[in-house]
Amino acid sequence: MQQKLQLFCIPFKILLFLSLILIPSIVCYNILNPLNQSSVIGIGFLSQLILHKSASNSALESHCDYSYGNWASDETQPIQKYTENCPFLDPGFRCQQSGREDMDYQKWRWQPQRCNLPTFDAADFLRRIQNGRIVFAGDSIGRNQWESLICMLMQRVSNQSTVYEQYGNPITKHKGYLSIQFHEYNLSVEYYRVPFLVMTDRLPPRAPPEVRGVVRVDTLHWYSAKWVGADVLIFSAGHWWNKDKTVKMGYYFQEGGSVNVTMDVMEAFRRSLNTLKSWVMNNLEPGKSHIFFRSYSPVHYRDGEWNEGGNCDMNTRPETDYTKLEPEPLHNILISEFAKQMEIANRNVQFLNITYLTEFRKDGHPSSHREPGTPANAPQDCSHWCLPGVPDTWNELLYANLLKIGFRTKMT
Ligand SMILES: *[C@@H]1O[C@H](CO)[C@@H](O)[C@H](O)[C@H]1NC(C)=O
Ligand SMILES: *[C@@H]1O[C@H](CO)[C@@H](O)[C@H](O)[C@H]1NC(C)=O
Ligand SMILES: *[C@@H]1O[C@H](CO)[C@@H](O)[C@H](O)[C@H]1NC(C)=O
Ligand SMILES: *[C@@H]1O[C@H](CO)[C@@H](O)[C@H](O)[C@H]1NC(C)=O
């Protein structure tokens, strides 16, 4: 509706511009590029030109695709406004403190192609989310993003001792549940470790001998009871949905009480997403809970997989060779379809598509600079991210998307 209104309000000058310059030029363009598919209809060219000419138009910005663009080097200011001294970073992500010497990986800014990302305004975010709950549920990449968001929000808290873990627990990868309280704002930012989202379980009775455990695709993790009532939920999954972390380790899929040894991993992922979907439909209030499903976060192991000596420690700059970017992972297709279905069912669900922008950032991983105490011959970490670092940009997109939907915007 709003979009239609905006279209009617296009000033007369632009109409004049359209008829005098644009239309003849489309005609020329089509004559000169007869084989270009999109130019045949003129739409590709038209939208490019209009969007380019008025990138600052806020109506168009609200329809901007933040997922596509490029990384811009920015030496003039620190992009990230917190440091490794943020008390809520776990040691595995403090790369400088673990011996990483190059700093350039912190000096890149994501520039969407047709608009600017709104500046992350921690004070504004805190004001909007106060008296609320933010829930991150998923794998350890989700914990990476959760820690980043806490540190980004902390920048605007004047008394740092008013921010604490609910039970005084230290931030480590060994905890299944952690909740950071922002006391002054009556806000909690929570993390639940549920790598598959659904339940994993021990061996059921009468299971085939090759089965060591099961992933129950029809039963959401029992932690889900605690997600009810959250204002913003960010799900992250994907990294465990592969053969290496399931069937090759003896973890098979169970549905309706029986183990199915032939079920394909992606089929099992699809069914688990369906389980999550039913849960959302039955348990979350449509107007209250805003749901994000973060897309796949690419890994950058070269010369072998993670357990075969794969490495990324020579990377100090983002990828510039576009031919080296991996194709869209199948996980994303499933996740975005699921998000679309829920949107159609009138839920506030957004697909937070960070895969493409993250694909470039082979320079952002801890690599050999893992937490203190890691044996020297341990595999490199080319799947998590140094902080401050790439997940800060994911949170900038999260914030931008919340603004886009007018999350708790006060009517004036
Ligand atoms: C995610 O974003 C990239 C870059 O814009 C795009 O190429 C890709 O198709 C998107 N993925 C999905 C599933 O929408
Ligand atoms: C704190 O926030 C919760 C919602 O998360 C709300 O129910 C409660 O009333 C708030 N407390 C105060 C003192 O505002
Ligand atoms: C900061 O917060 C702590 C915990 O609430 C409190 O004990 C302390 O007095 C506060 N410090 C200042 C300077 O307000
Ligand atoms: C196992 O799952 C597959 C789907 O991947 C299905 O086609 C097949 O019927 C299932 N087998 C049993 C015994 O339920």
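Conventions adopted
- Residues numbered from 1 in each chain as written.
- Chains lettered and ligands numbered in written order.
- Predicted model: local features only at pLDDT ≥ 70, side-chain atom pairs only at ≥ 80, totals over all residues.
- Helix = DSSP H or I, 4+ residues; strand = E, 2+ residues; numbered from the N terminus.
- Buried ≥ 20, exposed ≤ 12 C-beta atoms within 10 Å, placed from the backbone.
- Near = placed C-beta within 6 Å.
- Nonpolar A, V, L, I, M, F, W, Y, C, P; charged D, E, K, R; others polar.
- Pairing = 2+ DSSP bridges.
- Axes fitted to C-alpha atoms, helices over the stretch in contact; angles between N-to-C directions.
- Contact = placed C-beta atoms within 7 Å.
- Core = buried A, V, L, I, M, F, W, Y, C linked by C-beta atoms within 7 Å.
- Parallel < 35°, antiparallel > 145°, perpendicular 65-115°, else oblique.
- pLDDT = per-residue confidence, 0-100.
- Left-handed = near helix turned anticlockwise from the far one by under 90°.
- Expected span 1.5 Å × (residues − 1).
- Arc of directions from axis to C-beta.

Scanning the chain for helices and strands turns up eleven helices and 13 strands. Scored against the burial criterion, the 412 residues of the chain give a buried share of 37%.

Below, the discussion takes up the environment of F196. Mapped onto the secondary structure, F196 falls in the loop between β6 (187-193) and β7 (198-201). Spatially, the C-alpha atoms of F196 and W240 are 6.5 Å apart, while their sequence positions differ by 44 residues.

Around ligand 1, the structure places D65, S67, Y68, E328, N332, I333, S336, N353, T355 and Y356. Among the elements that line the shell around ligand 1, the one with the most residues is helix α9 (residues 330-344), at three residues. Split into classes, the residues belonging to the shell around ligand 1 amount to three nonpolar, five polar and two charged.

On to the sheet that holds strand β13 (residues 349-352). Here we have seven strands laid out as an open sheet, ordered β4-β5-β6-β3-β9-β12-β13, and mixed in their pairing. With one partner strand each, in any of the chains shown, β4 (163-165) and β13 form the two edges of the open sheet. Pairwise comparison of adjacent strand axes, ignoring direction, gives a mean angle of 15° for this sheet. Bridging between strand β3 (residues 133-138) and β6 involves six bridges; their strand directions are parallel. Across the sheet, the residue bridging to I134 is V189, located in β6. Here α9 sits on the sheet in contact with β12 (290-294) and β13, set at roughly 160° to β13.

Looking now at the nonpolar core. The biggest cluster of nonpolar side chains holds 87 residues, and the ones touching the most others in it are L233 and F293. No other element matches helix α11 (residues 390-404), which puts seven residues into this core. Among all residues touching F293, those that are not within four sequence positions of it are F235, I335, A339, V349, F351 and L352.

Pairing of β7 with strand β8 (residues 213-220), which is carried by four bridges, proceeds in the antiparallel orientation. Counterpart to V198 in the pairing with β8 is L220. Bridge count for β8 against strand β10 (residues 251-255) is four bridges, and the pairing is parallel. Pairing of V214 across the sheet is with Y252, part of β10.

This part is about the packing of helix α7 (residues 140-154) against α11. Angle between the axes and distance between the axes: these two values describe a pair of packed helices. Orientation of α7 relative to α11, taken along the N-to-C sense of each, is 75°, at an axis distance of 9 Å. When the axes of α7 and α11 are compared, the pair comes out roughly perpendicular. Residues N144, Q145, S148, L149 and M152 of α7 form the contact with α11, whose own contacting residues are P391, D392, W394 and N395. Across the contact of α7 with α11, the residue classes break down as four nonpolar, four polar and one charged.

Read across the open sheet, the four strands follow the order β7-β8-β10-β11; overall the sheet is mixed. Strands at the two margins of the open sheet, each flanked by one partner only, are β7 and β11 (258-260). Strand-to-strand twist across the sheet, computed as the mean angle between neighbouring axes with direction ignored, equals 40°. Pairing of β10 with β11, which is carried by three bridges, proceeds in the antiparallel orientation. Directly across from F253, in β11, lies its bridge partner N260. The sheet contacts of helix α8 (residues 265-283) involve β7, β8 and β10, and relative to β8 the element is tilted by about 35°.

Most peptide bonds take the trans configuration, and most residues that are not glycine carry a negative phi. For the bond running from L387 to P388, omega is -5°, close enough to zero to count as cis. Structurally, P388 is set in the loop between α10 (355-359) and α11. Despite not being glycine, L197 shows a phi value in the positive range, around 70°. Relative to the helices and strands, L197 is located in the loop between β6 and β7. The buried category is assigned to L197, around which 26 C-beta atoms lie within 10 Å.

For the chain, the mean per-residue pLDDT works out to 85, and 83% of the residues sit at or above 70. Residue range residues 1-57 is modelled with pLDDT below 50. Its contacts to residues more than four positions away, or to other chains, number 24 contacts.

Next up on the list: the packing of α8 against α9. Where α8 contacts α9, the axes come no closer than 10 Å and their chain directions differ by 25°. One way to sum up the angle between α8 and α9 is to call them roughly parallel. As α8 runs across α9, the sense of the crossing is right-handed. Every residue of α9 that contacts α8 at M266, F269, R270, L273, K277 and V280 is listed here: L330, H331, L334, I335, F338, Q341 and M342. Considered class by class, the residues forming the contact of α8 with α9 number nine nonpolar, two polar and two charged.

This part covers α8. At 3.6 residues per turn, the α-helix brings residues three or four places apart onto the same side. Between its first and last C-alpha atoms α8 spans 27 Å; for 19 residues at 1.5 Å apiece the expected length is 27 Å, and the two agree. Among all positions in α8, only A268, F269, S272, L273, T275, L276 and V280 are buried. In a view along the axis of α8, the buried residues occupy a sector of 155°, so they form one face of it. Along α8, the residues that are exposed and aim more than 90 degrees away from the buried face are S278 and N282. Those residues of α8 that are buried lie in contact with β7, β8, β10, β12 and α9.

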